[in-house]
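Chains, contacts and geometry: an overview
Each chain, written out:
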Amino acid sequence: MTTQFGYGNVRVATATRTGTAAPSGDAVAVHVQADGTTAAAVVDGIGHSHRVASVAELLATVMARVAARRGSLAGLLTGTELVADKGAGDEPEPDAVAVVATVTASATASGSAPGLASASAEEERIRVAWVGDCRAYALEGGRLRPLTADHNLAEHLTLCGYTGEIPRQAAKWVRTTVRSAAVATVSEAWTRSPLVVLMSDGVHDQVPHGAMEALALRYEDDPQALSEALVAAATGADGVRDDATALVIRRG
């Protein structure tokens, strides 16, 4: 499934592909305010069921709409309120990981009138907030640079100096999710790069970084082609594929 949005000089394109275990737990949403502020969210629901898929879509929609008005952090934390109750009985409320990005209204303007200053440095930034192992990358100086660090045990072990098989085995142990998110545990980043890519782990776990960078350089002026190429490259291993979702924000 693919979609594309545009406002002013900002284009947003998405692509998603269901993995081996259907239905897909991935969801994506984009919201553009009347003033042009654009927000996008990629949500990766934990597990595979129709309920997980439904909650992931709700989270993505709410996060994007709130982020466009109040910023990426507020959008993500509003999603937390939707799944804060673990539920009762044998069917707990589904949980998820997510990444949210916001482009402010001034940065989406198609151009300044003669004699007027361009958008301030603050307004030119794309702001990102995330929990878990959904990621954001920025294309800067010909390199695809990670803006995020996974909230999992592998990242903690790597910071402590562990290498090799130990952190690799711990990559799936997510430490912070949407349900447990708080101001102190949500991470934030920003960039002035004209190209930002959000993705679920079904892309970055299945596509080597060098291959993702090569695709970003090849399709940097075509966000729809880039999102589709990233998802198509996530082929999995031994016939097993995770849900894969990529969202590309292109300014200018």
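Below is a short write-up of the structure. This structure is a prediction, so every number in the text was calculated from the model and none was measured.

**Side note on the overall build of the protein chain**
- When its secondary structure is counted, the protein chain shows 7 helices and 11 strands.
- Across the protein chain, contacts joining residues at least 24 apart in sequence account for 71% of those joining residues at least 6 apart.
- Summing over all exposed atoms, the protein chain offers an accessible surface of approximately 11,600 Å²; the carbon and sulfur share of this is 53%.

**Things to note about the nonpolar core**
- Ranked by internal contacts, the top residues of the largest apolar core, which has 24 residues, are V43, L59, M63, L76, V178 and V186.
- Element by element, the count of residues in this core is highest for helix 1 (residues 50-70), at 8 residues.
- Residues in contact with V178, not counting those within four places in the same chain, are L59, M63, G79, T80, V83, D95, A96, V97, A98 and V131.

**Description of the environment of G141**
- On the secondary structure map, G141 appears in the loop between strand 7 (135-140) and strand 8 (143-146).
- In the structure, G141 is positioned 52 residues away from S193 in sequence and 9.1 Å away in space, judged by C-alpha atoms.

**Digging into helix 1**
- Its 21 residues give helix 1 an end-to-end C-alpha distance of 30 Å, which sits within 8% of 30 Å, the value for a rise of 1.5 Å per residue.
- Regarding helix 1, the residues found buried are V52, A53, V55, A56, L59, A60, M63, A64, V66, A67 and A68.
- The elements touched by buried residues of helix 1 are strand 3 (26-32), strand 4 (38-45), helix 2 (72-82) and strand 5 (96-103).
- Looking at the residues trailing helix 1, positive phi occurs at G71, about 105°.

**Description of the sheet that holds strand 6 (residues 126-131)**
- One open sheet accounts for 5 strands, arranged 3-4-5-6-9; its pairing is antiparallel. In this open sheet, the two edge strands, each paired with only one partner strand, are strand 3 and strand 9 (187-191). Between one strand axis and the next, the sheet turns by 15° as a mean value, whatever way the strands run.
- Of the strand pairs in this sheet, strand 3 and strand 4 are connected by 7 bridges, and their pairing is antiparallel. By the bridge assignment for strand 4, D26 is matched with D44.

**Concerning helix 6 (residues 209-218)**
- Turning to helix 6, its buried residues number three or more, namely M212, E213, L215 and A216. Around the axis of helix 6, the buried residues are gathered within 165° of arc, so they sit on the same side.
- The elements touched by buried residues of helix 6 are strand 7, strand 8, strand 10 (195-199), helix 5 (201-204) and helix 7 (223-233).

**Let's talk about the packing of helix 1 against helix 2**
- Remark: helix 1 packs on helix 2, axes separated minimally by 7 Å, with the N-to-C direction vectors making an angle of 145°. Crossing of helix 1 against helix 2: the hand is right-handed. For the pair helix 1 and helix 2, contact is made by L58, L59, V62, M63, V66, A67 and R70 and by S72, A74, G75, L76, T78, G79 and L82, respectively.
- Of the residues contributing to the contact of helix 1 with helix 2, the split by class is 9 nonpolar, 4 polar and 1 charged.

**A few points about the side chain of S227**
- With respect to the element layout, S227 can be found in helix 7.
- For S227, a relative accessible area of 0% gives the class buried.
- Among residues more than four places away in sequence, those in contact with S227 are A13, T14, A15, A246 and V248.

**A closer look at the packing of aromatic side chains**
- With the rule as written, the count across this model stands at 0 aromatic pairs.
- Cation over ring: R125 sits above W190, and NZ or CZ is 3.7 Å from the ring centre.

**A word on the pattern of salt bridges**
- Evaluated as defined, the whole model comprises 5 salt bridges.
- Among the ionic pairs, R135 bridges to D150, the shortest N-O distance being 2.8 Å. One end of the pair, R135, is in strand 7; the other, D150, is in the loop between strand 8 and helix 3 (153-159), and 15 residues separate them in sequence.
- Here R143 ties to E213 by a salt bridge, and the two come within 3.1 Å at their closest N and O atoms.

About the criteria used
Residues numbered from 1 in each chain as written. Predicted model: local features only at pLDDT ≥ 70, side-chain atom pairs only at ≥ 80, totals over all residues. Heavy atoms only, no water. Helix = DSSP H or I, 4+ residues; strand = E, 2+ residues; numbered from the N terminus. Contact = heavy atoms within 4.5 Å. Areas by Shrake-Rupley, 256 points an atom, 1.4 Å probe, with all protein chains shown as cover. Core = buried A, V, L, I, M, F, W, Y, C linked by side-chain atoms within 4.5 Å. Buried < 20%, exposed > 50% of the residue type's maximum accessible area, 1.4 Å probe, protein only. Expected span 1.5 Å × (residues − 1). Pairing = 2+ DSSP bridges. Axes fitted to C-alpha atoms, helices over the stretch in contact; angles between N-to-C directions. Arc of directions from axis to C-beta. Left-handed = near helix turned anticlockwise from the far one by under 90°. Nonpolar A, V, L, I, M, F, W, Y, C, P; charged D, E, K, R; others polar. Phe/Tyr/Trp six-rings, centres within 6.5 Å; stacked < 30°, edge-to-face > 60°. Lys NZ or Arg CZ within 6 Å of the ring centre and 35° of its normal. Salt bridge = Lys/Arg side-chain N within 4 Å of Asp/Glu carboxyl O.

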